[in-house]
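# Geometric and topological summary
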Amino acid sequence: MHQFFQRKPIAELIPEGGEHGLKRVMGAGDLIMLAIGAVIGAGIFGAIGTAAAGQIGPNGEVIRQGAGPALVFSFILLGFACMLAGLCYAELASMIPQAGSAYAYSYATLGELVAWIIGWDLILEYAVGNVAVAISWGDYFNTLLRGFNIVMPPWLTTGYRTALLSSDPAIHGLLQTAPHIGGIPIVVHVPAFTIVMLITVLLLQGAKESVRANNIMVVIKLLALGLFIAVGATHLHPENYHPFAPNGFTGIHQGAAIVFFAYIGFDAISTAAEETKNPQRNLPIGILGGLAICTLIYVIVGFVLTGMVPYKELAVADPLARALQLSGFNRVGWIVALGAAVSMSAVLLVFQYGQPRIFYAMARDGLLPQWAAKLSPRTKIPFVTTLFTGIFVAAWSLIGDAGETYDLTNIGTLFAFMLVSIGVLVLRHTEPERPRPFRVPFVWPVTLLSAAGCLFIMKGLPHQAWERFGYWLVIGLVLYFVYGFKNSKLRNRAPGLKTQA
């Protein structure tokens, strides 16, 4: 069994860079902006509504309880759990500044099989997560169009899975009223598909160009949220805060489990390790600084949102714009919808940036085909996997549903965070003398609380999410034993060179 848990020497995980590697173009400020670009997006503009109001299935069954105004405690709970995980990420990122993120960390600490599971798992965070972001972006884009009195047919702005799972008779009815081809209803989300392909074209231009575009979009999203807070704070109604926690801690817990989607982006910063200047210093600053700023913004937005309108009114795709419109601020709602569309464009950019680099790292180790490790001679980015990821996400966005994608993304990401936390403790035991530019303080309680916190939040997800996650892991293990196990460069090196970290 030891061959499945052979660890890659950390020295081999620290790239030399140079002519044949990724270009180091990012500083600490760029990473913090990348964090805000990734973290503030579909979670705060989309999933926050479901977290507050709860979720009802197509047959009237309760899928999850809403947190109500106690949503702010959901954010605080998540901020604490993610802070612990962020400390663990910061230590490993400073030690192993490689593009593979949690995949690379697991390879050095828990072995190849666990690394493969994490790499496969991260597809849920980046590629599948971007499906939900793209769909939410499309819903805000439709709000913008309505401001110009442009209304697209519903069957062109609704995915097939959304119509199938919706409890709204008008949306579910699209399966009968939409045009049919060969007996199949044409219910597709064209705006979601389009934005993913446009982001993919932008990413193919190169890393520095992508960072510059992200920084501009981050400024716009912060201005939009600042406008929402400033206007919404003038229209708070104390009665909307009663009852504060309508479903008790169950609502807070289940609300946290879905709104965790708002936090997953900080992991994407670690995928930029090989394109970061002085990564040992700048990666911890980017991860922890970005996380702290975003948590503060979330708590303030959650407090204002649930004070503006009754929380039950927020079970919509664009809750911030809806709250402003119900409060009589239609023009401001339109501006916030514009900011949300720009905001989620930044999230799409960061996640689409991260996924190809996971594929790149895995292919470089032989666990995926070598075409996935090809870099563009001009831009020095993994162009094949960038294009592949874009097409995959765009196709799924065309027919997918944001709600079920949130759950699948969240459970996969929490699992990755849990293993990273365990990995820090393992590496402290196996290589206590290795230099650590950043060290997790109180390592035993922090790492164990981080892992336990992730598992606790996972328990708040619906049973269906656990089933699908299980199927996903089984498919990944089959692929590993069919291809990755046989082609692993670590396993197939000359016998005299086989060393463990």
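Cut-offs applied
Residues numbered from 1 in each chain as written. Predicted model: local features only at pLDDT ≥ 70, side-chain atom pairs only at ≥ 80, totals over all residues. Heavy atoms only, no water. Axes fitted to C-alpha atoms, helices over the stretch in contact; angles between N-to-C directions. Helix = DSSP H or I, 4+ residues; strand = E, 2+ residues; numbered from the N terminus. Parallel < 35°, antiparallel > 145°, perpendicular 65-115°, else oblique. Left-handed = near helix turned anticlockwise from the far one by under 90°. Contact = heavy atoms within 4.5 Å. Nonpolar A, V, L, I, M, F, W, Y, C, P; charged D, E, K, R; others polar. Expected span 1.5 Å × (residues − 1). Buried < 20%, exposed > 50% of the residue type's maximum accessible area, 1.4 Å probe, protein only. Arc of directions from axis to C-beta. Salt bridge = Lys/Arg side-chain N within 4 Å of Asp/Glu carboxyl O. Disulfide = S-S within 2.5 Å. Core = buried A, V, L, I, M, F, W, Y, C linked by side-chain atoms within 4.5 Å. pLDDT = per-residue confidence, 0-100. Patch = residues over 30% accessible without salt bridge, like charges linked within 9 Å, V, L, I, M, F, W, Y side chains within 5 Å. Areas by Shrake-Rupley, 256 points an atom, 1.4 Å probe, with all protein chains shown as cover.

### Focus on the packing of helix α4 (residues 71-95) against helix α12 (residues 248-259)
Close contact between α4 and α12 brings their axes to 8 Å; oriented N to C, the two are set at 60°. By the angle between their directions, the pair α4 and α12 is classed as oblique. Crossing angle aside, the handedness with which α4 passes α12 is right-handed. Mapping the contact onto sequence places Phe73, Ser74, Phe75, Leu77 and Leu78 in α4 and Ile252, Gly255, Ala256 and Val259 in α12. In terms of residue class, the contact of α4 with α12 is built from 7 nonpolar, 2 polar and no charged.

### Details of helix α19 (residues 443-459)
Taking 1.5 Å of rise per residue, the 17 residues of α19 would be expected to cover 24 Å, and the 24 Å separating its terminal C-alpha atoms lies within 8% of that figure. Inspection of α19 places Val443, Val446, Thr447, Ser450, Ala451, Gly453, Cys454, Ile457 and Met458 among the buried residues, and these make up the whole buried set. Along the long axis of α19, the arc covered by the buried residues comes to 160°, so they all point the same way. Exposed and oriented more than 90 degrees from the buried face of α19 are Trp444 and Lys459. Where α19 is buried, its residues touch α4, α12, α18 (402-430) and α20 (463-487).

### Considering the pattern of salt bridges
For the coordinates displayed, the defined rule picks out 7 salt bridges. For Arg64, the salt bridge goes to Asp407, with nearest N and O atoms at 2.9 Å. Of this pair, Arg64 sits in strand β2 (residues 62-64) while Asp407 sits in helix α18, and the two are 343 residues apart along the sequence. Neither residue differs from the other here; Arg64 and Asp407 are each classed as buried. Ionic pairing is found between Glu404 and Arg161, a salt bridge with its closest N-O pair at 2.9 Å.

### Describing the state of the cysteines
Counted under the stated rule, the structure contains 0 disulfides. Cys82 forms no disulfide, and the closest cysteine sulfur to it belongs to Cys454, at a distance of 7.0 Å. Accessibility expressed as a relative area gives 2% for Cys454, which makes it buried.

### Comments concerning the nonpolar core
Within the largest apolar cluster, 146 residues are counted, with the highest numbers of intra-cluster contacts made by Ile40, Phe45, Phe228, Tyr263 and Leu320. Once residues lying within four places of it in the same chain are set aside, the contact partners of Leu320 are Ile44, Phe45, Ile48, Tyr140, Leu225, Phe228, Val301, Leu305 and Val336. Leu174, Leu175, Ala178 and Val187 belong to the second largest nonpolar core, which has 5 residues in total.

### Concerning the environment of Gly476
Checked against the element boundaries, Gly476 lands in helix α20. Considered as a pair, Gly476 and Trp116 are 360 residues apart in the sequence and their alpha carbons are 8.1 Å apart. If sequence neighbours within four positions are ignored, Gly476 has contacts with Trp116 and Trp120.

### Regarding the side chain of Thr157
Of note, Thr157 is situated in the loop between α6 (112-147) and α7 (160-165). With residues near it in sequence (within four places) discarded, Thr157 still touches Asp139, Asn142, Met152, Val188, His189 and Pro191.

### Regarding the confidence of the model for the protein chain
On average, residues of the protein chain score 83 in pLDDT, and 88% of them are at 70 or above. The least confident element of the protein chain, judged by mean pLDDT, is helix α1 (residues 10-13) at 54; the most confident is strand β4 (residues 184-185) at 94. Segment residues 16-20 is flagged for pLDDT under 50; beyond a separation of four residues in sequence, or across chains, it makes 2 contacts in the model. With pLDDT under 50 throughout, residues 496-501 is counted as low confidence; its partners more than four residues away or in other chains account for 18 contacts.

### Considering a nonpolar patch on the surface
Nonpolar side chains collect at one region of the surface, where Phe80, Met83 and Leu449 lie side by side and expose about 290 Å² of accessible area between them. In this fold, Leu449 is placed in helix α19.

### As for the packing of α6 against helix α10 (residues 190-203)
Between α6 and α10, the least distance of the axes is 8 Å, while the angle of their chain directions is 115°. What the angle tells us is that α6 and α10 run roughly perpendicular. Every pair of crossing elements has a handedness; the one defined by α6 and α10 is right-handed. Touching Ala134, Ile135, Trp137, Gly138, Phe141 and Asn142 of α6 are Pro191, Ala192, Ile195 and Val196, all from α10. For the contact of α6 with α10, the class distribution of residues is 8 nonpolar, 2 polar and no charged.

### Section: unusual backbone geometry
Cis peptide bonds are those with omega within 30 degrees of zero, and the linkage from His242 to Pro243 qualifies with -5°. Relative to the helices and strands, Pro243 is located in the loop between α11 (207-232) and α12. Phi angles above zero are rare outside glycine, and Asn149 is one such case at about 60°. Relative to the elements of secondary structure, Asn149 occurs in the loop between α6 and α7. Its identity is not glycine, yet Phe442 carries a phi of approximately 50°, on the positive side. Relative to the elements of secondary structure, Phe442 occurs in the loop between α18 and α19. Accessibility expressed as a relative area gives 69% for Phe442, which makes it exposed.

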